[in-house]
Amino acid sequence: MALASTIHHGGDDGIVDDLDTVREVARWLQQQSESLAAEGLAVGDLVADEELRDAIIGVRKAVRALFARVVSPAPPSPADAHRLMPADEALAHLNAAAAREPVAPQLHWPAEGAPAARLLSAEADPHVRLVAALARDAVDFLSGPEREQLRACHAPRCVRYFLKSHGRQEWCKPSCGNRARVARHYERTRGTTAGP
């Protein structure tokens, strides 16, 4: 979700891409340092460059195309609905990115506590490990039960996907709900005041 959410609405400026430049990629990686550490990746080992930026954006395009498939027949996010990667191409891209890093599960069992599985990698290139980890996370999400709760927010100007957390939730956050209600009210009152 964090990767898909790097495309969002930026107020009056329209669509904002948090990965638009190498510097912005470095900033986003820093913001993700905790979740990357859980994948065995240290942000200090990742030097953002144009090649890494392109690889991350490729995974994001595949993820957003597959998110659009999940929410179908409802409309996808308007941010990229007109330029979505075909689903079969997105699937192939995501699987290829995940396969770039061969990993083996390893059991970690501290003397005090429960056992846990970790993935052990022989890959030395942190860029390959990062892109593969992003793709694996997407595969896990898209094949897991949370996928059923995925929705595209259709509030005016919003382009985010979100996980529906309760039965009546229609928007990604309360401010989007407010914008949608204001827009509906405006449409209703404009229709009644624009008489003959």
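It should be noted that the structure appears before, not after, this text.
Asks: What is the right way to look at the packing of helix α4 (residues 87–99) against helix α5 (residues 126–142) in this model?
Replies: Two packed helices can be described by the angle between their axes and the distance between those axes. One can describe the packing of α4 onto α5 by two numbers: an axis separation of 7 Å at closest approach and a directional angle of 125 degrees. Considered as vectors, α4 and α5 are oriented oblique to each other. Seen along the crossing, α4 lies across α5 with a hand that is left-handed. Side by side, α4 and α5 meet where L94, N95, A97 and A98 of the first sit next to V131, A132, A135, R136, A138, V139 and L142 of the second.

Asks: Help me out: how do you make sense of the nonpolar core in this one?
Replies: The nonpolar side chains of a soluble globular protein tend to be buried with one another. Judged by nonpolar contacts, the single largest core of 38 residues is most densely connected at L29, I56, V59, F67, L94 and L130. Residue assignment for this core shows that the elements contributing at least two residues are α1 (22–31), α3 (50–71), α4, α5 and β5 (150–152). Setting aside chain neighbours within four positions, we find I56 in contact with L3, L19, V25, L130, V131 and L134. With 7 residues, the next largest nonpolar core counts A155, C158, W171 and C176 among its residues.

Asks: What is the right way to look at the packing of α3 against α5 in this model?
Replies: It is at 10 Å that the axes of α3 and α5 come closest, and there the two elements cross at 5 degrees. For the element pair α3 / α5, the angle class is roughly parallel. Residues L52, A55, I56, V59, V63, L66, F67 and V70 of α3 form the contact with α5, whose participating residues are H127, L130, V131, L134, A135, A138, F141 and L142. Residue composition of the contact of α3 with α5, grouped by class: 15 nonpolar, 1 polar and no charged.

Asks: When you look at the pattern of salt bridges in this model, what are you seeing that I'm missing?
Replies: Pairing between side chains of opposite charge can happen when their charged atoms approach one another. Inspection of every chain in the model, using the stated rule, returns 8 salt bridges. In this structure, the salt-bridge partner of D17 is R60, at a minimum N-O distance of 2.7 Å. With a gap of 43 residues between them, D17 in strand β2 (residues 15–17) and R60 in helix α3 connect regions that are remote in the sequence. When its relative accessible area of 4% is taken as the criterion, R60 is described as buried. Through salt bridges with shared partners, a single network forms among E39, E101, R129 and R136.

Asks: Would you mind going over the packing of aromatic side chains with me for this structure?
Replies: Working definition: an aromatic ring pair is given by the centre-to-centre distance plus the angle between the planes. This model, assessed by the stated rule, comprises 2 aromatic pairs. Taken together, a centroid distance of 5.5 Å and an interplanar angle of 55 degrees make the contact between F67 and F141 tilted. Within this pair, whereas F67 is found in helix α3, its partner F141 is found in helix α5, the two being separated by 74 residues in sequence. A residue is classified by how much of its surface remains accessible, and F67, at 2% relative accessible area, is buried. With a centroid separation of 5.3 Å and 75 degrees between ring planes, the pair formed by F67 and Y161 is classed as edge-to-face. Remark: Y161 occurs in strand β6 (residues 161–163) and F67 occurs in helix α3; sequence separation between them is 94 residues.

The rules we used
- Residues numbered from 1 in each chain as written.
- Predicted model: local features only at pLDDT ≥ 70, side-chain atom pairs only at ≥ 80, totals over all residues.
- Heavy atoms only, no water.
- Axes fitted to C-alpha atoms, helices over the stretch in contact; angles between N-to-C directions.
- Helix = DSSP H or I, 4+ residues; strand = E, 2+ residues; numbered from the N terminus.
- Parallel < 35°, antiparallel > 145°, perpendicular 65-115°, else oblique.
- Left-handed = near helix turned anticlockwise from the far one by under 90°.
- Contact = heavy atoms within 4.5 Å.
- Core = buried A, V, L, I, M, F, W, Y, C linked by side-chain atoms within 4.5 Å.
- Buried < 20%, exposed > 50% of the residue type's maximum accessible area, 1.4 Å probe, protein only.
- Nonpolar A, V, L, I, M, F, W, Y, C, P; charged D, E, K, R; others polar.
- Salt bridge = Lys/Arg side-chain N within 4 Å of Asp/Glu carboxyl O.
- Phe/Tyr/Trp six-rings, centres within 6.5 Å; stacked < 30°, edge-to-face > 60°.

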